[in-house]
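Structural features, examined
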Amino acid sequence: MSNNLILDVRDIKVHFGGVKAVDGATMSVERGSVTSVIGPNGAGKTTLFNLISGAIASDSGTVAFNGEEIQNLHPHQIAHRGMIRTFQGAKVIKRLSVVENVMLGGQKNPGERLSGFFNPRARSRYESESRERAMSLLKQVGIDRFAEDYAGILSGGQRKLLDLARSLMAQPTMLLLDEPFAGVNPTLVEKLLEVLNSLRQAHQLSFLLVEHDLETVMNISDRVVVMAEGKVIADGLPNSIYDNELVIDAYLGTRKKKS
Amino acid sequence: MIAFIQPGFWVFVLAMAGIYGIFSLGLQVQYGVGGILNFGHVGTMALSSYTMAILVISYGVNFWIASLCGVAVAALGGAFLGLTTLRLSGDYFSIVSIAFSEIVRYVIFNSDGFTGGSQGSLNIPAKVEGDYPTYTNTWEPFIGWVKDRLAVIFGDNADRDMAMALIVWITLGILLIIVGRIERMPWARVLRATREDDDVPAALGKNVFQFRLQAVILGSVIGGIAGIYWALQFSLLSPDDFLTIVTFYGWMILILSGAPKVKGLPIAAIFFGFLYGGTRFFTFWPFSILDSSQRAYIRIMIIGLVLIFLMLKRPQGLFGKREEMVLE
Ligand SMILES: Nc1ncnc2c1ncn2[C@@H]1O[C@H](COP(=O)(O)OP(=O)(O)OP(=O)(O)O)[C@@H](O)[C@H]1O
Ligand SMILES: [Mg+2]
């Protein structure tokens, strides 16, 4: 069982001043599964992502990725191990073109080393392959027509799509997606879910995602983790979550009680 | 007024413009690509020129090897600056970088028995007692040889400054080609990304600190090369050559050229050189009312005004892209 866990987070904590943003969260993700984190605003979901991806240092607790403890690694070292995250605000590099943003996701690019200056052949071979792959990813998320424009001209939703394409460019084994579908139109969400699902089947890609839309969460998740006030208050199959009293109080609120 | 119309003077200015151009190219790598605001760049020139001078004068090292060592020490200086301060956020780095070049200058100023102190390179202890402390013994014959070749074309007009200008501009040309290529590499793409944001490149597996450090070292190597030419152009060195204002002259050229691309830099360098050299001759009325030290300030004010005017008319620099400036 446990070696089938790609991600294993144990009792992780961090505080900002007096705010215990994440206060002893324990959760895990099985290889090839989709696990969703839900919870009210300020529950600590994004902070949990930041802890797992190394963007902020934890006060205590451990994070194991593929059996290796990574809580003391830098973000780029964690990315090298195959875990790639997106950002809630969908960060794009505004002064790079859209396709260059995606190409930034490429791993082990010989042209990203200064020594690559002396190997123009390897450099340009990688570069043209990389551009091709970036273009096909842009096509998959439906923004290929903006490929040569500055990413700064993209709308909020398009930026999310770019962020997603850029993450896929890195060929991760695990994706951390922070509200990837917020502000993306429903038909496109359908399409993206298909893309992600096929990736999951083809490459055993594992997902951890934060999502507020419960219908989507219930549809796509193998497991759901519920957070409130920095703690994991429930963790289980989607259906069991829907009926959990604690969850109803903390998050689903009146909506569920009425029905 | 006489020098104003002498072509020889302008050839000297051209050589200086080239040296400033090389110097500024070092900043371009750091800022134009990586967004790193280095205000201590002149420290790299001080390190390379003094290292070269001391090795030649005090230790009798071959001039060419000493020059390479000078550039290497400039690179080490850049590495030291980067390693100690690049982890600070951008604004703090800029402030600390000023301290870097000032510390280098103070150390040079106060190490009499080693660097010549306030007296400059003339006071560097010579290897053989009684020898005249100069580091140009190898360079002067070389530049004389270049001058003789130039005389074939330019006749009597060929002089030392013309040879110097030629060599400096060939160097700048080669460096522009190399740096231009580097800036089209994916390496530069990552650095451009770090200019806007640290988190995205880091989340994609890029070691942001390492990229910045490389940019600072590369810029310092280029600044170090400028330092060697600086030393050769004046034939002697003094700590006062390396005041922070020199860094800002480099910045002026960079701002004029429009930072993101290297191609405007040589023209901006010439523009700056002639502005700087030209304002030297504001000795006519109304400037003649002032004494010469007051005129020196007026000159800097006029350069400033011209720059302000240009920035208002062309905020993206002479060759920059305006679209890049308006993206939110
Ligand atoms: N860098 C920080 N400094 C101070 N407080 C922070 C910081 N980051 C997060 N917090 C606080 O930690 C708590 C959890 O924030 P977090 O962003 O993780 O919530 P979230 O669950 O992602 O919410 P949302 O659904 O609105 O995105 C909040 O109270 C927030 O104000
Ligand atoms: Mg959040």
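Residues numbered from 1 in each chain as written. Chains lettered and ligands numbered in written order. Predicted model: local features only at pLDDT ≥ 70, side-chain atom pairs only at ≥ 80, totals over all residues. Heavy atoms only, no water.

1. A look at the packing of helix α12 (residues 244–257) of chain B against helix α14 (residues 292–313) of chain B
All names here are of chain B. The interhelical angle for the contact between α12 and α14, taken along N-to-C directions, is 25°, at an axis separation of 11 Å. One element, α12, and the other, α14, form an angle in the roughly parallel class. Regarding α12 and α14, the two cross each other, and that crossing is left-handed. Contacts from Tyr249, Met252, Ile255 and Leu256 of α12 reach α14 at Ile300, Ile303, Leu307, Leu310 and Met311. (Axes fitted to C-alpha atoms, helices over the stretch in contact; angles between N-to-C directions. Helix = DSSP H or I, 4+ residues; strand = E, 2+ residues; numbered from the N terminus. Parallel < 35°, antiparallel > 145°, perpendicular 65-115°, else oblique. Left-handed = near helix turned anticlockwise from the far one by under 90°. Contact = heavy atoms within 4.5 Å.)

2. A few points about the pairing of strand β1 (residues 5–16) of chain A
All names here are of chain A. In this sheet, strand β2 (residues 19–30) lies alongside β1 in antiparallel orientation, the contact comprising eight bridges. Within β2, the position partnered with isoleucine 12 by the bridge is alanine 25. Remark: two residues form the turn of the hairpin made by β1 and β2, two consecutive strands paired antiparallel; glycine 17 in that turn has positive phi of roughly 60°. Two strands pair when backbone bridges link them, and β1 and strand β4 (residues 60–65) are joined in this way by five bridges, in the antiparallel orientation. (Pairing = 2+ DSSP bridges.)

3. Digging into unusual backbone geometry
Residue and element names in this part refer to chain A. Even without a glycine there, the phi angle at glutamine 171 is positive, about 50°. Along the chain, the position of glutamine 171 falls in the loop between α5 (156–169) and β7 (174–178). Residue glutamine 204 is not a glycine yet carries a positive backbone phi of 55°. Residue glutamine 204 is classed as partly exposed on the basis of its relative accessible area, which comes to 48%. (Buried < 20%, exposed > 50% of the residue type's maximum accessible area, 1.4 Å probe, protein only.)

4. Topic: the site of ligand 1
All names here are of chain A. What surrounds ligand 1 is a group of 14 residues, the closest being Asn41, Lys45, Thr46, Thr47 and Gln88. Taking asparagine 41, its side chain carries an N or O atom lying 2.8 Å from an oxygen atom of ligand 1. Lysine 45 is positioned with one of its side-chain polar atoms (N or O) 2.7 Å from an oxygen atom of ligand 1. In isolation ligand 1 has 640 Å² of accessible area, and contact with the protein removes 62% of it. Within the residue set of the shell around ligand 1, elements represented by two or more residues are β2 and α1 (45–52). For the shell around ligand 1, the element with the most residues is α1, which contributes three residues. Taken together, the residues that form the shell around ligand 1 break down as five nonpolar, seven polar and two charged. (Near = heavy atom within 4 Å. Polar contact = N/O pair within 3.5 Å; in protein donor to acceptor, adjacent residues only side chain to side chain. Areas by Shrake-Rupley, 256 points an atom, 1.4 Å probe, with all protein chains shown as cover. Nonpolar A, V, L, I, M, F, W, Y, C, P; charged D, E, K, R; others polar.)

5. Quick look at the packing of aromatic side chains
Geometrically, a pair of aromatic rings is defined through the distance of the ring centres and the angle of the planes. All names here are of chain B. What the rule picks out here adds up to 19 aromatic pairs over all chains. With a centroid separation of 5.3 Å and an interplanar angle of 25°, the aromatic rings of phenylalanine 39 and phenylalanine 248 are classed as stacked. Highlighted residues: phenylalanine 39 in the loop between α2 (7–33) and α3 (42–59) and phenylalanine 248 in helix α12, separated in sequence by 209 residues. Judged by centre distance (5.3 Å) and plane angle (45°), the ring pair of tyrosine 249 and phenylalanine 272 falls under tilted. Taken as a pair, tyrosine 249 in helix α12 and phenylalanine 272 in helix α13 (residues 265–278) lie far apart in primary sequence, 23 residues in all. (Phe/Tyr/Trp six-rings, centres within 6.5 Å; stacked < 30°, edge-to-face > 60°.)

6. Details of the side chain of aspartate 163 of chain A
Residue and element names in this part refer to chain A. For aspartate 163, the position within the fold is in helix α5. Looking at aspartate 163, its side chain comes within polar contact range of the side chain of arginine 166, at 3.2 Å. Those residues in contact with aspartate 163 that lie beyond four places of it in its chain are Thr86, Phe87, Ala90 and Lys91.

7. Description of the coordination of the magnesium ion (ligand 2)
For a metal with four donors in a tetrahedral arrangement, the ideal angle between donors is 109.5 degrees, while six donors in an octahedron ideally sit at 90 or 180 degrees. All names here are of chain A. Protein coordination at the magnesium ion (ligand 2) comes from Thr46 (OG1) and Gln88 (OE1), with a distance range of 1.9 to 2.2 Å. Of this pair, threonine 46 sits in helix α1 while glutamine 88 sits in the loop between β6 (83–85) and α3 (98–103), and the two are 42 residues apart along the sequence. For threonine 46, a relative accessible area of 24% puts it in the partly exposed group. (Donors = N, O, S within 2.8 Å, 3.2 Å for Na, K, Ca; no water.)

8. Comments concerning the side chain of serine 49 of chain B
Residues and elements named next belong to chain B. Mapped onto the fold, serine 49 is located in helix α3. In this structure serine 49 comes out as buried when scored by relative accessible area, which is 0%. Residues in contact with serine 49, not counting those within four places in the same chain, are Gly227, Ala231, Leu237 and Phe242.

9. Here we look at the sheet that holds β7 of chain A
Residue and element names in this part refer to chain A. Taken in spatial order, the six strands line up as β6-β7-β8-β3-β9-β10 in an open sheet, and their pairing is mixed. Edge positions in the open sheet fall to β6 and β10 (231–236), since each of these has one partner strand only. Each neighbouring strand pair of the sheet contributes to a mean axis angle of 15°, computed without reference to strand direction. When strand β3 (residues 34–38) meets strand β8 (residues 206–210), the two strands line up parallel, connected through four bridges. Its bridge partner lying in β8, serine 36 is registered against leucine 209. Running over the sheet, α5 touches β6 and β7 and is turned about 165° from β7.

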